[in-house]
Amino acid sequence: MLTRRIIPCLDIKNGRTVKGVNFVGLRDAGDPVELAQRYTEEGADELVFLDITATKEKRKTLVKLVKDIALHINIPFTVGGGIKSVEEIEEILKAGADKVSLNSAIVRDSNLITRASDEFGFQAIVAAVDAKRRANRHSWEVFVKGGSEPTGLDALDWMEKTEQLGAGEILLTSMDRDGTKSGFDLELLKAANNRLSIPVIASGGAGTIQHCCDAVLIGNADAVLAASIFHFREIEISDLKAKMAEEGISVRIINN
Amino acid sequence: MIGIIKYQAGNLASVSNALDRLHADYIVSDNLEELEKVDAIIFPGVGHAAAAMDDLRSKDLDVWLKNTKKPVLGICLGMQLFYESSEEGDCKALGIIPGRLKRFDSSKAKVPHMGWNKFESVKKHPILRGIENKHFLYYVHGYYAPQSEHTLATCDYIEKFTAVTNKDNFIGVQFHPEKSGQVGSLLLQNFLDMVNSS
């Protein structure tokens, strides 16, 4: 049976992880490679690296980092953050990333999804969607540029379109829940999963183990992404998976 | 010495990194003279079957691969191209193993089949030494090889399909051993051991 995935997300700035607690045994909490290795050993199923650097030199630093990660990590990983063109996607994938996540660039030019998908395969193209509830409460709007700019697009329509254009997976972040630790937007997840036939990664709001279970059991998410609960060691990946298994969710348990 | 086939559809960095981690010697090449000199071949692949076949043909790698007697490990799309044809782009493949690749029925579950899944061993083979039915491997694919007499192991998603295949010197795995943690490393090590002992 296909397992539901647990995906720690690492925010990267100038080649270093942003925030995060000093893990026991890690020489350098800011080193993304060391943190990624730690997560891998603890049972992470995939990793996502989001580059939040806003400088022009960032691409070089990022590509170097991706090469370093790829050399040391033996599970799949996705890289995102400001990727705008087929050339940039190629650079990141050739450096060893398995997937790229695209956000603002595909809202500006949705055909980028098709071009990238045709070139590298749909499995490598993740459409990242930042969605915020509209005032009427029953629909969601897509925001871009790190959630600062409304687009007027309906999130469910947009996700369906990215699927049709060739995206292989959706990374769906609830802006209302992101950073709140109050649980995932289950209504958004359910609505998205009803519409889509590609996998959906739930993001935004993870605060407890139960939240992650609910994302799967109620929201029907294929994967659960979280950052701070793992960074700050509020939840151990192994504990999370053990609890999910108890709840009847199929997860990959390692150490056997 | 392992030769990794260099072509457009390769996840070359992932495979070469995995071999680095195992301290194996390898070259990445699309040059037939160079490939003739290696002991075994790894044939990786992600992406579109028809596009991959076009690229192989343009380099004469299709005929070479089909006729080589060296051990060949096909990974994901590489494995799929061992078969006769694919519904993906309605294309002809290498024709090493009988059968046609089918697309998963997306009305029954999410497609692609993406993530960690177990497999069920059907026949014993040195490539699977130490790998058990409880182990998880990482899969990403929208098309699958139906079961046949050449199936060494199956995986169950929507229906049972071929996870590991073998005919003569050709071994194919639908999952990505280079991305499947310690279990995947073990499978690659098994391949290296088979090559070294032959």
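Residues numbered from 1 in each chain as written. Chains lettered and ligands numbered in written order. Predicted model: local features only at pLDDT ≥ 70, side-chain atom pairs only at ≥ 80, totals over all residues. Heavy atoms only, no water.

Caption draft 1: Region of interest: the overall build of chain A. If you tally the helices and strands in chain A, you get ten helices and eleven strands. In summary, chain A has a C-alpha radius of gyration of 17 Å against a globular reference of 18 Å for 256 residues, a match within 12%. With respect to the principal axes defined by its C-alpha atoms, chain A has extents near 45 × 40 × 35 Å. Among the 256 residues that make up chain A, the fraction classed as buried is 60%. Accessible area of chain A: about 10200 Å², with a carbon and sulfur share of 48%. (Helix = DSSP H or I, 4+ residues; strand = E, 2+ residues; numbered from the N terminus. Rg over C-alpha atoms; globule rule 2.2 N^0.38 Å. Buried < 20%, exposed > 50% of the residue type's maximum accessible area, 1.4 Å probe, protein only. Areas by Shrake-Rupley, 256 points an atom, 1.4 Å probe, with all protein chains shown as cover.)

Caption draft 2: Quick look at the packing of helix α2 (residues 58-72) of chain A against helix α1 (residues 12-21) of chain B. For the pair α2 of chain A and α1 of chain B, interaxial distance at closest approach is 8 Å and the crossing angle is 55°. With respect to their mutual orientation, α2 of chain A and α1 of chain B come out oblique. When α2 of chain A is examined against α1 of chain B, the residues Ala 70, Leu 71 and His 72 of chain A are found in contact with a partner set consisting of Asn 17, Asp 20 and Arg 21 of chain B. (Axes fitted to C-alpha atoms, helices over the stretch in contact; angles between N-to-C directions. Parallel < 35°, antiparallel > 145°, perpendicular 65-115°, else oblique. Contact = heavy atoms within 4.5 Å.)

Caption draft 3: Geometry of the UniProt feature "active site" (unreviewed entry) in chain B. Annotation from UniProt places "active site" (unreviewed entry) at Cys 76, His 176 and Glu 178 of chain B. A maximum C-alpha distance of 10.8 Å places the annotated residues, which cover 103 residues in sequence, within one compact spot. Among the secondary structure elements, Cys 76 of chain B is positioned in the loop between β4 (72-75) and α5 (77-80). The exposure class of Cys 76 of chain B is buried, given its relative accessible area of 5%. Not counting chain neighbours up to four residues away, the residues in contact with Cys 76 of chain B comprise Gly 45, Val 140, Val 173, Gln 174, Phe 175 and His 176 of chain B. Relative to the helices and strands, Glu 178 of chain B resides in the loop between β14 (170-173) and α6 (181-197). Residue contacts for Glu 178 of chain B: discarding those within four places in its chain leaves Asn 74 of chain A together with Asn 11, Ser 14, Val 15, Ala 18, Arg 21, Ile 75 and Leu 188 of chain B. At 2.8 Å, the side chain of Glu 178 of chain B and the side chain of His 176 of chain B are in polar contact. (UniProt positions renumbered as here; feature names shortened; annotations may be inferred. Polar contact = N/O pair within 3.5 Å; in protein donor to acceptor, adjacent residues only side chain to side chain.)

Caption draft 4: Main features of the sheet that holds strand β6 (residues 91-92) of chain B. All names here are of chain B. The strand order across the open sheet formed by four strands is β6-β5-β7-β11, and the pairing between neighbours is mixed. Of all the strands in the sheet, the pair left with one neighbour each is β6 and β11 (143-144). Of the strand pairs in this sheet, strand β5 (residues 83-86) and strand β7 (residues 97-103) are connected by three bridges, and their pairing is parallel. When the bridges of β7 are listed, Ser 85 appears paired with Arg 100. (Pairing = 2+ DSSP bridges.)

Caption draft 5: Spotlight on the confidence of the model for chain B. On average, residues of chain B carry a pLDDT of 94, and 99% of them reach 70 or more. With pTM at 0.93, the complex prediction returns an ipTM value of 0.91. (pLDDT = per-residue confidence, 0-100.)

Caption draft 6: Here's a closer look at the pairing of strand β13 (residues 159-167) of chain B. Residues and elements named next belong to chain B. Relative to β13, strand β12 (residues 151-157) is paired through six bridges, and the arrangement is antiparallel. Looking at β13, one finds that Tyr 157 is bridged to Glu 159. Where β12 folds back onto β13 in an antiparallel hairpin, the turn is made up of one residue, including Ile 158, whose phi is positive at roughly 65°. For β13 and β14, the ladder comprises four bridges, and the chain directions are antiparallel. Bridge assignment links Thr 165 to a residue of β14, and that residue is Gly 172.

Caption draft 7: Up close: the side chain of His 211 of chain A. Here His 211 of chain A shows up in helix α8 (residues 209-217). Other than its neighbours up to four places away in sequence, His 211 of chain A contacts Lys 181, Ser 182, Gly 183, Phe 184, Gly 205 and Ala 206 of chain A.

Caption draft 8: Quick look at the packing of helix α1 (residues 32-42) of chain A against α2 of chain A. All names here are of chain A. Interaxial distance between α1 and α2 falls to 10 Å at its minimum, and their mutual angle equals 30°. Compared by their axis directions, α1 and α2 come out roughly parallel. The element α1 and its partner α2 pack so that their crossing is right-handed. The segment α1 lies against α2, with Pro 32, Val 33 and Gln 37 engaging Leu 65, Asp 68, Ile 69 and His 72. For the contact of α1 with α2, the residue count by class is four nonpolar, two polar and one charged. (Left-handed = near helix turned anticlockwise from the far one by under 90°. Nonpolar A, V, L, I, M, F, W, Y, C, P; charged D, E, K, R; others polar.)

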